[in-house]
Amino acid sequence: MHRLGVIGYGGMGGWHVKNALVSDVVELAGIYDIKEERRVVARENNIFAYDSLDALLCDESIDLVTIAVPNDIHKELVIKCLEAGKNVICEKPVTLSSTDLQEMIDASKRCGKLFTVHQNRRWDVDFLAMKQLADSGEIGKVLNIESRIHGSRGIPSDWRGEKEYGGGMLFDWGVHLIDQMLQIFKQKITKLYCRFEHTTNFEVDDGFKLELTFEDGAQAYIEVGTYNFIALPRFYMQAKNGSALITDWREKCQVAKCKAWHESDVLPVQTAAGLTKTMAPRDEITLDTYELDIPKSDVHDFYRNVCAAIEGKEEQLVRHDEVMRVMKVMEASFKSVELGQCIECEI
């Protein structure tokens, strides 16, 4: 068992602690939070709390540290932990620029310690269903995927709404959805266009719309909204031989697979203002419709992989080059918003 220390005992820090307590690969040594009241809460929950960051880092029994603090101080803490001889998991977004990220990667190589990012939404069952369908080729080459997360309560009323801490939805949810999309599309991005929304917050984006074009012509659309009282479907896929839809992460993936393109006896259908053949519905002769089983997923697999990678038994699943690619997409998105135009790129 690897001994784990958690830095930050807020929402995600608490999540890591909760899962560490039932983990089969890590044993929780304790937490440290800069706020004394959170250390008090930890002790009330029978969690050991270090009195200082140095006390945690000086504990030689700890070989793995998870950092769950505001985004703007990730780099400083990651490098400090690596230099203290700890392997490091950093919450997302790993940092606020590719330059900072490279410094963190260089530090991990210099110190000979594992450094990775908690991209936990690679284990979301809705994403796994879309990826499995795309990888299988069951409905042909993927032409377009739309990925959306919609809420109606604005940005949480904490540091996530403040620019100096790296707030905003692109950094908060966008990093997950971009990472998911780039697990499906491996080819280079050649064009990117992003728009920000400022409905409830004018300091950072409280929503965004991002369009990606890949070198083979495939496209992806990513949207996060925090002022949507009716949510659009979570995923929609168009492929050469069919379509797929996931309305909500709790629902199965619906698939429509085209068996034959032409019908000799297509009849026009009556619409509100006239006849159309173009929109005539298909039938069971040319179309198969079915549902896919919800994939099995275990969030503990992230920590299992990290521990196996530390032991040299596996390659780490969340790799430096993947994290860098996501960071560069986010940087290009900010540039697109600033210029108000499409960005040509090679990412």
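Below or above, wherever it landed, is the structure these notes cover.

Definitions and cut-offs
- Residues numbered from 1 in each chain as written.
- Predicted model: local features only at pLDDT ≥ 70, side-chain atom pairs only at ≥ 80, totals over all residues.
- Heavy atoms only, no water.
- Helix = DSSP H or I, 4+ residues; strand = E, 2+ residues; numbered from the N terminus.
- Rg over C-alpha atoms; globule rule 2.2 N^0.38 Å.
- Buried < 20%, exposed > 50% of the residue type's maximum accessible area, 1.4 Å probe, protein only.
- Contact = heavy atoms within 4.5 Å.
- Areas by Shrake-Rupley, 256 points an atom, 1.4 Å probe, with all protein chains shown as cover.
- Patch = residues over 30% accessible without salt bridge, like charges linked within 9 Å, V, L, I, M, F, W, Y side chains within 5 Å.
- Salt bridge = Lys/Arg side-chain N within 4 Å of Asp/Glu carboxyl O.
- Lys, Arg positive; Asp, Glu negative; His and termini not counted.
- Charge placed at Lys NZ, Arg CZ, Asp CG, Glu CD.
- Phe/Tyr/Trp six-rings, centres within 6.5 Å; stacked < 30°, edge-to-face > 60°.
- Axes fitted to C-alpha atoms, helices over the stretch in contact; angles between N-to-C directions.
- Parallel < 35°, antiparallel > 145°, perpendicular 65-115°, else oblique.
- Left-handed = near helix turned anticlockwise from the far one by under 90°.
- Nonpolar A, V, L, I, M, F, W, Y, C, P; charged D, E, K, R; others polar.
- Pairing = 2+ DSSP bridges.
- Expected span 1.5 Å × (residues − 1).
- Bend = angle between axes of the 7 residues up to and from the residue.

## A few points about the overall build of the protein chain
Along the protein chain, the regular secondary structure elements total nine helices and 16 strands. For 347 residues, the compact-globule estimate of 2.2 N^0.38 gives 20 Å, and the protein chain sits close to it at 23 Å. Projected onto the principal axes, the alpha-carbon positions of the protein chain cover approximately 75 × 40 × 40 Å. When burial is assessed residue by residue, the protein chain has 49% of its 347 residues classed as buried. Here the contacts in the protein chain between residues at least 6 apart in sequence split such that 69% fall between residues at least 24 apart. Working note: accessible area of the protein chain is about 17,400 Å², and carbon and sulfur atoms make up 50% of it.

## Quick notes on a negative patch on the surface
On the surface, Asp72, Glu162, Glu164 and Glu203 cluster together to form a negatively charged patch. Here glutamate 164 shows up in the loop between β6 (142–150) and α7 (169–184).

## Remarks on the packing of aromatic side chains
One pass over the full model with this rule turns up seven aromatic pairs. Plain terms: the ring middles of tryptophan 123 and phenylalanine 302 are 6.0 Å apart, the flat faces sit at 85° to each other, and that makes the pair edge-to-face. Of this pair, tryptophan 123 sits in the loop between β5 (115–117) and α6 (125–136) while phenylalanine 302 sits in helix α8 (residues 300–310), and the two are 179 residues apart along the sequence. By relative accessible area, tryptophan 123 is classed as buried at 12%. Relative to phenylalanine 229, the ring of tyrosine 227 lies with its centre 5.1 Å away and its plane at 80°, an arrangement referred to as edge-to-face. By the ring-pair criterion, three or more aromatic residues cluster together here, those being Trp123, Phe302 and Tyr303.

## Side note on the packing of α6 against α7
Two numbers describe a pair of packed helices, the interaxial angle and the distance between the axes. Remark: α6 packs on α7, axes separated minimally by 9 Å, with the N-to-C direction vectors making an angle of 20°. On the basis of their axis angle, the class for α6 and α7 is roughly parallel. Considering how the two elements wind past one another, α6 and α7 form a crossing that is right-handed. Contacts between α6 and α7 involve Phe127, Met130, Lys131 and Ala134 from the former and Gln180, Gln183 and Ile184 from the latter. For the contact of α6 with α7, the per-class residue count stands at four nonpolar, two polar and one charged.

## Quick notes on the sheet that holds β6
The mixed open sheet is built from nine strands, whose spatial order is β15-β12-β11-β10-β6-β9-β8-β7-β16. Only two strands of the sheet have a single neighbouring strand rather than two, namely β15 (287–292) and β16 (343–344). Of the pairings in the sheet, the one linking strand β11 (residues 242–246) to strand β12 (residues 253–258) comprises four bridges and is antiparallel in character. From the neighbouring strand, leucine 245 faces β12, where its bridge partner is glutamine 254. Strand contacts of helix α9 (residues 320–339): β7 (189–197), β8 (207–214) and β16, with the helix running at about 60° to β7, the strand carrying the most contacts.

## Re α8
Where burial is concerned, most of α8 is hidden: eight out of the 11 residues are buried. Among the residues of α8, those classed as buried are His300, Phe302, Tyr303, Asn305, Val306, Cys307, Ala308 and Ala309. Against the buried residues of α8 lie β1 (2–7), α1 (11–20), β2 (26–32), β3 (64–67), β4 (87–90) and β5. Phi for glycine 312, located one or two positions after α8, is positive at around 80°.

## Looking at the sheet that holds β5
The strand order β2-β1-β3-β4-β5 describes an open sheet built from five strands, whose pairing is parallel. The open sheet has two edge strands, β2 and β5, and neither has a second partner. The sheet shows a mean angle of 20° between the axes of neighbouring strands, direction not considered. Inspection of the sheet shows β4 paired to β5 by three bridges, in the parallel sense. Within the sheet, the bridge partner assigned to valine 88 lies in β5 and is phenylalanine 115.

## Points about α7
Across its 16 residues, α7 extends 22 Å between first and last C-alpha, which sits within 8% of the 22 Å expected from 1.5 Å per residue. Most pronounced at valine 175, the bend in α7 amounts to some 40°. Counted residue by residue, α7 has 15 buried out of 16 residues, so it is predominantly covered.

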